Every structure is written in structure tokens, then in C-alpha cells.
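Observations on chain architecture
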Amino acid sequence: MLAIVVSHAHLVGRAMDLRFIPSLETTALMLREGLLLRHTPDGAELWCDAAQASAAAQRFVVLPLVFQVFTRNARVQSCTHWPVARPLRYVCAEGKAQMQAETLAGSGASRRPLLSVEIDHRPARDGACAMYRIALAAKTA
């Protein structure tokens, strides 16, 4: 159904060890719609039965998806040039695959994720997989 791909200029070919944790609302939606979250070496994928994807696309359903992204790889945090103050979120703008960063600074989060991802996903009528990209930049010396 969809893939979220995170790239990093400094960590090409190295595991970022990212874990996408769905919000409570996204977890409920995943259970209701029969969606399965699968972690990949460079992000995550959301899978569903082809018939369910087709039915959702026919209903013009928009699936509001929110994930907190954590990592155990300290290098990801230390070698990344963050475009805005952390914690930050990446939001999918209508019709764009490249996600843009926004700050969540001042949110008071006690257990801060690396970032969060918010996507209003509209399943494709043909069942094609949508790809959302996050490009993290490396710090310059």
C-alpha cells in the first residue's frame, strides 16, 4: 500500500535502525482496515490485502497515519543536520512524495522520538504502492 523511505547522506548503506511506532489512532485504523506494518532497512511499509486497498480507493478514503520514529543508532542523531529544532515531524503535503520537516519544539515530549511522520494517505485506485521519502542531511564539518 505504501512505503516510507528514509535516506541519510552520511549513512548510505548503513543501518539506521529505525522503528516506526503508530499512534493510538493509527493503530486502531490499522486494526479496522487490516493493515500490517513492516520495518525495512531504510524505513517502513504498510501492507494490506489487495481487495481491501481497492475497496478503500473506490470509497475515496483518506487514511490519516501518524508514526513516531525512534532509533537506537546514536550516529543518526549526532551526524544529522536537522533543518528545524528537534523534536520534529515530517508531514506529507497533498500530492507530494518528498516530505517536509516542521518543528515540534516546545511540545514537552518527555521521551522524544527521532522524528514523527504524518501522512494523509489516499490509496491508489490501481492498488499501486505509494512511496513517501524523507531525506536527512549530514552535518558539514
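Attention here is on the structure that accompanies the text. Since the structure is predicted, the reported quantities are computational estimates derived from the model, not experimental observations. (Residues numbered from 1 in each chain as written. Predicted model: local features only at pLDDT ≥ 70, side-chain atom pairs only at ≥ 80, totals over all residues. Heavy atoms only, no water.)

Below, the discussion takes up the overall build of the chain. Scanning the chain from terminus to terminus reveals 3 helices and 10 strands. Counting from the amino terminus, the chain carries its helices and strands in the arrangement β-β-α-β-β-α-β-α-β-β-β-β-β. Burial analysis of the chain (141 residues in total) assigns 37% to the buried set. Across the chain, every contact between residues at least 6 apart in sequence was considered, and the portion connecting residues at least 24 apart equals 71%. Entry remark: accessible area of the chain is about 8000 Å², with carbon and sulfur atoms responsible for 56%. (Helix = DSSP H or I, 4+ residues; strand = E, 2+ residues; numbered from the N terminus. Buried < 20%, exposed > 50% of the residue type's maximum accessible area, 1.4 Å probe, protein only. Contact = heavy atoms within 4.5 Å. Areas by Shrake-Rupley, 256 points an atom, 1.4 Å probe, with all protein chains shown as cover.)

Right, let's get into the state of the cysteines. In the structure shown here, the tally under the stated rule is 0 disulfides. Its sulfur unpaired, Cys 48 is 9.9 Å from the next cysteine sulfur, which belongs to Cys 129. (Disulfide = S-S within 2.5 Å.)

Before going further, it helps to examine the environment of Asn 73. Its location among the elements puts Asn 73 in the loop between β5 (63-71) and α3 (74-78). By relative accessible area, Asn 73 is classed as buried at 18%. For the pair formed by Asn 73 and Asp 17, sequence separation is 56 residues and the distance between their alpha carbons is 6.2 Å.

Here the focus is the pairing of strand β10 (residues 130-138). Sheet topology places strand β1 (residues 2-8) next to β10; 7 bridges connect them, and they run parallel. Following the sheet pairing, His 8 is matched in β10 by Leu 136. Sheet analysis places strand β6 (residues 80-81) next to β10, joined by 2 bridges and oriented antiparallel. Of the residues in β10, the one forming a bridge with Thr 80 is Ala 138. (Pairing = 2+ DSSP bridges.)

All right, on to the nonpolar core then. Ranked by internal contacts, the top residues of the largest apolar core, which has 26 residues, are Ile 4, Phe 20, Leu 115 and Val 117. Breaking this core down by element, the ones donating at least two residues are β1, β2 (18-22), α1 (24-33), β4 (43-47), β5, β9 (115-121) and β10. Here the element with the most residues in this core is β5; it accounts for 4 residues. (Core = buried A, V, L, I, M, F, W, Y, C linked by side-chain atoms within 4.5 Å.)

Below, the discussion takes up the sheet that holds β10. Strand pairs in the sheet, formed through backbone hydrogen bonds, run parallel or antiparallel to each other. Ordered by their spatial adjacency, 5 strands build an open sheet running β3-β4-β1-β10-β6, and the pairing between neighbours is mixed. Both edges of this open sheet fall to β3 (36-40) and β6, since each of them pairs with a single strand only. Inspection of the sheet shows β1 paired to β4 by 4 bridges, in the antiparallel sense. Across the sheet, the residue bridging to Ile 4 is Ala 44, located in β4.

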